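Chain and residue survey
What follows is the residue order along each chain.
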Amino acid sequence: MTEKYLLYNANIYCGIPFAQAYTALLVEGDTIRAVGEQALRHPKDMSTHLLDLQGATVWPGLVDSHLHLAQLAEQLNAVDCETRSLKECLERIQKKTAALPKDGSWIRGFGFNQNAWDPPQYPNRADLDRVSNGHPIVVYAKSLHASWANSSALQLAGIDESTPDPKGGRILRDSFGSPTGVLIENASLLVDQVIPPPDAQEAHTSLRNAQNFLFSLGITTVHDFDRWNSLESLFSLQESGELSLNVIKQMPCDSLSRLLSENLRSKLTARQITPGWIKCFADGALGPQSAAMLQPYENSTECGLLLLTEDELLETGKQAAAGAWPLSVHAIGDAANQLVLRAFARLREYEAQNKLPHLLHRVEHAQVLAPQDIVAFKELNVIASMQPVHASSDMHTAQRHWGDRNATSYAWHALEQAGARLIFGSDAPVESPNPFLGLYAAITRRNLSGEPGPQGWHPENRVSLRTALDAYTVNPGLYCSTALRGRLASGWKADLIILDEDPFTLNPQDLAACKVRSTMVNGKFVYERNEP
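Read on for an overview of the structure. (Residues numbered from 1 in each chain as written. Predicted model: local features only at pLDDT ≥ 70, side-chain atom pairs only at ≥ 80, totals over all residues. Heavy atoms only, no water.)

1. Section: the sheet that holds strand β6 (residues 57–60)
- A sheet is described by the order of its strands in space; here five strands give the open sequence β2-β6-β21-β22-β23, paired in mixed fashion. The sheet is open, and its two edges are formed by β2 (11–12) and β23 (524–528), each paired on a single side.
- Bridging between β6 and strand β21 (residues 496–499) involves four bridges; their strand directions are antiparallel. In the sheet register, Thr57 faces β21, and the bridge partner there is Leu499. (Pairing = 2+ DSSP bridges. Helix = DSSP H or I, 4+ residues; strand = E, 2+ residues; numbered from the N terminus.)

Put into structure tokens, the structure is as follows:
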């Protein structure tokens, strides 16, 4: 007998613009059967669970449209290196190494941000050597576009004075030409490829724990941007019946030939995982100043790194289109975004000329745009996939490196006004996956300390809570899902969350502290908060 849930005496936000608030909702199986009075009048039987919510708020399940699922799982087990100083970071690593035997096992950390230290400075391998206790160590920058390794890790990776910079990467060196331990962009892969992968059971368990962590935050769907090797863990979770999270899987462009030849779209669909986009990188990131800019960074002659050409991106788009895969391109700097949008314009012409489907391509991050490029998102029907939490954590660094160009950085309101398709995520584990931090950042453009003041940083690009919530629910449901998700309406999938308070009535400063009481995915409760 199909289970039913009648939620009543509730404050239900359906995700339909300007719709009235409903007080009841009926779930049957994995689908919402009715809302409002129809839900109350619907026939009930022994399989119907009656849930009096006593005024609690119900929202659609939240979607993180840019997240690295396996990396998040790894980070939950790694050293948290997001600290205010190098000294504090090293103390955390030393605490970890001191608790382990000198067995040569790898230690990983995440989150170092040299721009947040006083003074801002890149660390050195010698810093890690002092606290290594016989372990190879690699620590990833908060941006995930740089890493920091100790001497043991560099030796295992074969990195020394004679090692050339890889394409699309840079090995930082001291005045004698010796590697400092800091690896920028693709240079990080030199160390990554010698780290032993976790065994299958460890990866399975870590991924399951990450899924449950996301449920506790109200996240019911993720767009996963991890690479090919994360698929086995996803498949393992699905085969064991433990995968409840809705996953839309992006795949890296360097695997395009393989995924086309192996017909990965069909394999994913058979595993109840939604095929997503082909992910490419146009540039680096703000923190290491590798994001590609039209003009040099402030007080610098450097313009960052372009990691592909317009022609290369166009060719990748043509190949992907043959397998019905749209493109998703990482672009941070204004030069990178301009290159990507030009390539997409040419790809639209190619699609039209060859009578191919009009695929919904997307730009990931779009952090700083040339003013004239904002309208291109609407004109080309390209999704702007953005992460509000980046603005609250990056504002001081962005101000230092981009100056006046920040008038069109993290430009959510400008893109909304231009008619762009806007979806939000976190880029976890670069930032916390907590969507309430993202909602707070989107409507205030302040960090959790309240900086830079009541109006926020470049307040002209704040958005309303309704707009921000739509970018976490309705919009990704409409643009990015093969099922009806993101609204609480008859016939739509029963993904929802229950909150003690109505965020629309809260002071914006309190929004970041919202906690989820319950989470339902596909008609099943997957999370219940234990404390009162």
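2. Let's talk about the packing of helix α7 (residues 200–216) against helix α8 (residues 231–239)
- Look at α7 against α8: their axes get within 9 Å of each other, and the N-to-C directions meet at 75°. For the element pair α7 / α8, the angle class is roughly perpendicular. The residues of α8 that touch α7, namely those facing Ala203, His204, Leu207, Arg208 and Gln211, are Ser233, Leu234, Ser236 and Leu237.
- Residues of the contact of α7 with α8, tallied by class, amount to four nonpolar, four polar and one charged. (Axes fitted to C-alpha atoms, helices over the stretch in contact; angles between N-to-C directions. Parallel < 35°, antiparallel > 145°, perpendicular 65-115°, else oblique. Contact = heavy atoms within 4.5 Å. Nonpolar A, V, L, I, M, F, W, Y, C, P; charged D, E, K, R; others polar.)

3. What about α8?
- Of all the positions in α8, only Leu231, Ser233, Leu234, Phe235 and Leu237 are classed as buried.
- Elements that come into contact with the buried residues of α8 comprise α2 (69–76), α7, β14 (219–224), β15 (246–252) and α10 (264–270).
- Directly after α8, the chain includes Gly241, whose backbone phi takes a positive value near 80°. (Buried < 20%, exposed > 50% of the residue type's maximum accessible area, 1.4 Å probe, protein only.)

4. Remarks on the pattern of salt bridges
- Inspection of every chain in the model, using the stated rule, returns 26 salt bridges.
- Among the salt bridges present, the one from Arg258 reaches Glu262, with a minimum N-O distance of 3.2 Å.
- When its relative accessible area of 30% is taken as the criterion, Glu262 is described as partly exposed.
- For Arg517, the salt bridge goes to Asp500, with nearest N and O atoms at 2.9 Å. Of this pair, Arg517 sits in strand β22 (residues 516–521) while Asp500 sits in the loop between β21 and α19 (508–511), and the two are 17 residues apart along the sequence.
- Overall, the relative accessible area of 37% leaves Asp500 in the partly exposed class.
- One connected set of salt bridges, linked through shared partners, spans Glu310, Asp311, Arg342 and Arg346. (Salt bridge = Lys/Arg side-chain N within 4 Å of Asp/Glu carboxyl O.)

5. Points about the environment of Asn115
- For Asn115, the position within the fold is in the loop between β9 (107–112) and α4 (125–129).
- The class of Asn115 is buried, set by a relative accessible area of 14%.
- Excluding residues within four positions of it along the chain, Asn115 makes contact with Pro120, Gly287, Thr397, Arg400 and His401.
- At 3.4 Å, the side chain of Asn115 and the backbone oxygen of Gly287 are in polar contact. (Polar contact = N/O pair within 3.5 Å; in protein donor to acceptor, adjacent residues only side chain to side chain.)

6. Some thoughts on the side chain of Ser147
- Along the chain, the position of Ser147 falls in strand β11 (residues 146–149).
- Using a relative accessible area of 0% as the deciding quantity, one classes Ser147 as buried.

7. Quick notes on the nonpolar core
- In this structure, Phe377 and Phe436 are the most contacted members of the largest nonpolar core, which totals 92 residues.
- If you tally residues by element for this core, the top one is helix α12 (residues 334–353), at eight residues.
- Formed by 19 residues, the second largest nonpolar core is a distinct cluster that contains Ile107, Ile137, Ala141 and Ala146. (Core = buried A, V, L, I, M, F, W, Y, C linked by side-chain atoms within 4.5 Å.)

8. Some points on the packing of α2 against α7
- The N-to-C vectors of α2 and α7 enclose an angle of 95°; their axes lie 8 Å apart at closest approach. With respect to each other, α2 and α7 are oriented roughly perpendicular. In this structure, α2 uses Leu69, Ala70, Leu72, Ala73 and Leu76 to contact α7, whose residues at the interface are Ser206, Leu207, Ala210, Phe213 and Leu214.
- Here the contact of α2 with α7 is built from residues that sort into nine nonpolar, one polar and no charged.

9. Some remarks on the sheet that holds strand β3 (residues 25–28)
- Judged by pairing direction, the sheet is mixed, and its four strands sit side by side in the order β4-β3-β1-β5 without closing on themselves. In this open sheet, the two strands that pair with only one neighbour each are β4 (31–35) and β5 (48–52). With strand direction ignored, the average angle separating the axes of adjacent strands in the sheet is 20°.
- Where strand β1 (residues 4–8) and β3 come together, four bridges link them in antiparallel fashion. Residue pairing in the sheet places Leu6 in a bridge with Leu26 of β3.

10. Some words on helix α3 (residues 86–98)
- Between its first and last C-alpha atoms α3 spans 18 Å; for 13 residues at 1.5 Å apiece the expected length is 18 Å, and the two agree.
- Buried residues of α3: Leu86, Cys89, Leu90, Ile93 and Thr97, and no others. One side of α3 carries all its buried residues, which in axial view fall inside an arc of 95°. Exposed side of α3, more than 90 degrees from the buried face: Lys87, Lys95 and Ala98 are the residues found there. (Expected span 1.5 Å × (residues − 1). Arc of directions from axis to C-beta.)

11. Observations concerning the side chain of Gln338
- With respect to the helices and strands, Gln338 occurs in helix α12.
- Of note is the side chain of Gln338, whose polar atom sits 3.1 Å from the side chain of Asp373.
- Ignoring any residue separated from it by four or fewer positions in sequence, one finds Gln338 in contact with Leu294, Ala370, Gln372 and Asp373.

12. Quick notes on the packing of aromatic side chains
- Counting across every chain of the model gives 12 aromatic pairs.
- When the ring of Phe112 is compared with that of Trp148, the centres are 5.6 Å apart and the planes differ by 70°; the resulting orientation is edge-to-face. One end of the pair, Phe112, is in strand β9; the other, Trp148, is in strand β11, and 36 residues separate them in sequence.
- Trp148 gets classed as buried once you look at its relative accessible area, which sits at 0%. (Phe/Tyr/Trp six-rings, centres within 6.5 Å; stacked < 30°, edge-to-face > 60°.)

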